[in-house]
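Report on the structure
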Amino acid sequence: MDTIHKIHRQYTEKTRRPSEVIDEALSTIKEKDETINAFLSVFEDQVYAQAKELDAKQDRGEAFGPLEGIPVSIKDAILTKDERTTAGSKILQTYTAVYDASVIHNLRNEGAFILGKTNMDEFAMGSSTENSAFSPTRNPHDTSRVPGGSSGGSAASVAAEMCPAALGSDTGGSIRQPAAFCGVTGLKPTYGRVSRSGLIAMASSLDQIGPFTKTSLDAGYVLKGIEGKDTLDATSVHISSQRQIDLDEIERGDVAGLRIGVPQEYFTEGIQPEVKQKVEEVIEEFTNMNVIIKDISLETTQFAIPAYYVIMPAEVSSNLARYDGIRYGVSSFENASTLHEVYTQSRAQGFGPEVMRRIMLGTYVLSGGYYDAYYAQARTTQTKIRKDFDTAFEEVDAILTPTTPHQAFPLGEKSDPLSMYLEDIFTVAVNLSGNPAMSVPANPDSSELPIGFQLIGNHFDEQTILTLGHAWDRAISRQS
Amino acid sequence: MNAEEIQHLASLAAISIDNEQTAQFAEEFSSILDYVNTIKEAKTDGFNIPEYHTETLREDSPEQVFPDDIADSILEQTPARNDRYVQVKAVLKK
């Protein structure tokens, strides 16, 4: 499957028809998805009908927008009107969305193909997509391994060449980690850059929707199509002219003189040696481009996961209270005798164990007697984490780290909840601080398993990390 | 964490869990809390929970964002319904 950039040019030059692109997407899904299980639903009829219209538009010689005729798969945490939206959970397996999420509304306006809904860890809780109520997704590079999570289906759909782009959501690393495991690019925008209206909420102060693509330039294309102030999301921010994505500037890839900070705390002993080696190769390649590399320290790194596993469950315990068997979803109304039993039994029937764990953890840290020691302490630590990044960005333009401590692990390997939480060790800090961050594929390891490196940007400076990512993409394609 | 504490949390969270789940969660919670407890070691003097002062309230006027028939699609999803009312179990005892 070609990149967005290439397909758009093909449409403009009339060397490819939208129906041909859709045929390729759908036949790849038919060929591979029985094994990979990236998709929970595919909107075949809708995209065929839309393809016919776009073919006719091309025949009339009308110009195509940058995302027009581009197939995009959508994480099933994002509402798509009149279609099943499950958040990977049994409790919503019969739920049909009654409106489109704002990002979907935007993509439809841009003329993109909404290809289907992808598999995910239940309510975005997990780092492997094994917590899906609808069986796991497999890593296209090695189907005995996980694709990462929670946006595993979206990452896999792009890695398996089913579509050039996918949307995921990232609360603690759920776009970047699966991107790293699947060898694709995954961007978590600055908090507030993309509207969360229509995203099934996990932790409202941390969640962000973002793109999976094969390249950094393509990520810029998608970001431009979905970002911006939305009256339905009070936390969304107007993108000022200085902060606009400039695709031409990204394509030029002029990175000489930019300063990249490398934080010592992210290169500790727990990293798989090949991951460290491949990330160091990236740093060396940037040096060849006359990028200045600076050693920096982010002291609060060790507290990022503990702070995250206080703040996120606290918000989860509140956000998931709505799944009570009353207005929608799985309900025990028939069998329950009291109102309270409708709540407790519906939730017992509909939620998986990880969801219950996190709701109870959040309930605990917010409860009387524990609030100060945990939640208030975590929130204060969060302020310090943010300050760490702000201080670093006085000296550097971007920060570079490994995305994950190791490559994709085999399905079933991580049965202990805590060991799964530690998968996010390099990704959570920026969710707490709000900074944008992107995982870019480094060279794969000796057995061709993907490895990702992470570029962290200053607030609303996606432009710099996209440009650096593109410079790397270009260097790699020159080598091959 | 013991079984009683887990049951208390489950009850606060309105989730009904059986004895086997209670025992499982108690064990998992203990190891998770051991790790999360390290947050207490973070030195946070001089730092406060941030306060934000941006005015983000909109005009208090109805915006036509959703179509008129949205009520129908919402009601279609309701597990228990009586005409156009969501039905619940008795709240007040006679």
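Keep in mind the model is a prediction, meaning the values are calculated, not measured. Every residue gets a number counted from 1 within its own chain, in the order that chain's sequence is written. Chains carry letters and ligands carry numbers; both start at the beginning, A for chains and 1 for ligands, and go up in the order they are written. Totals for whole chains, interfaces and linings use every residue, but because this is a predicted model, local features are given only for residues with pLDDT of at least 70 and side-chain atom pairs only at 80 or more, for both listing and counting. With hydrogens and water set aside, each side-chain value is computed from the structure's full complement of heavy atoms.

As for the overall build of chain A
Operational definition: Helix numbers and strand numbers start at the N terminus; a helix is a DSSP run of H or I with at least 4 residues, a strand a run of E with at least 2. What the globule rule says is 2.2 Å times the number of residues to the power 0.38, and the radius of gyration is computed from C-alpha atoms. Here's how the labels work: a residue is buried when its accessible area is under 20% of the maximum for its type, exposed when over 50%, partly exposed in between, all with a 1.4 Å probe on protein chains only. Any pair of residues with heavy atoms lying within 4.5 Å of one another is described as a contacting pair. The convention is simple: Lys and Arg are positive, Asp and Glu are negative, and His and the chain ends are not counted. Charge positions are represented by NZ for Lys, CZ for Arg, CG for Asp and CD for Glu.
Assigned secondary structure in chain A consists of 16 helices and eleven strands. Against the compact-globule benchmark of 23 Å for 480 residues, chain A has a radius of gyration of 21 Å, which places it among compact chains. Expressed as a percentage of the 480 residues in chain A, the buried residues total 65%. Put simply, of all contacts in chain A between residues at least 6 apart along the chain, 75% involve residues at least 24 apart. Separation between the mean location of the 43 positive side-chain charges and that of the 65 negative ones in chain A comes to 3 Å.

Section: the overall build of chain B
Test applied: Only the protein chains shown count as cover for residues, and all accessible areas are computed by the Shrake-Rupley method using a 1.4 Å probe.
Summing up its helical and strand segments, chain B has three helices and two strands in all. Its helices and strands in sequence order give chain B the pattern α-α-α-β-β, from N to C terminus. The globule rule puts the C-alpha radius of gyration for 94 residues at 12 Å, and the 23 Å found for chain B is more than 25% above it. A burial count over chain B gives 26% of its 94 residues as buried. When the accessible surface of chain B is split by element, carbon and sulfur atoms take 48% of a total near 7,300 Å².

Some words on empty space enclosed by the protein
Once rolled over the atoms, a probe with the size of a water molecule shows which space is left empty. Residue and element names in this part refer to chain A. Heads up, the condition is: Grid points spaced at 1 Å over the protein atoms alone were grouped into cavities, where a 1.4 Å probe fits but cannot get out, and pockets, open sets with protein on both sides within 12 Å along at least five of seven lines, with lining residues defined by an atom within 4 Å of a point. Grid points are joined across faces, edges and corners, and a volume is the space filled by probe spheres set on the points. When residue character is reported, Ala, Val, Leu, Ile, Met, Phe, Trp, Tyr, Cys and Pro are called nonpolar, Asp, Glu, Lys and Arg charged, and the others, Gly included, polar.
Applying the stated rule across the entire model yields three cavities of 30 Å³ or more. Considered as a void within the structure, the largest cavity measures approximately 60 Å³ in volume. Contributing to the lining of the largest cavity are A77, A87, M120, F123, A124, S169, T171, L199, I200, A201, M202 and D207. Among the residues making up the lining of the largest cavity, the classes are represented as nine nonpolar, two polar and one charged.

Here's the deal with the interface of chain B and chain A
To keep things clear, this is the line we draw: Note on definitions: salt bridges are taken to be side-chain nitrogens of Lys or Arg within 4 Å of carboxyl oxygens of Asp or Glu.
Opposite the 47 residues of chain B that make contact, chain A presents 55 residues. Run the count over chain B and chain A and you get one salt bridge. One salt bridge connects R357 of chain A with E28 of chain B, and the closest N-O pair in it is separated by 2.5 Å. At the level of secondary structure, the elements contributing two or more residues to the side of chain B that touches chain A comprise α1 (3-12), α2 (19-36) and α3 (70-76) of chain B. Broken down by element, the residue count for the side of chain B that touches chain A peaks at nine residues, all from α2 of chain B. Looking at the side of chain B that touches chain A residue by residue, the class counts come to 29 nonpolar, twelve polar and six charged.

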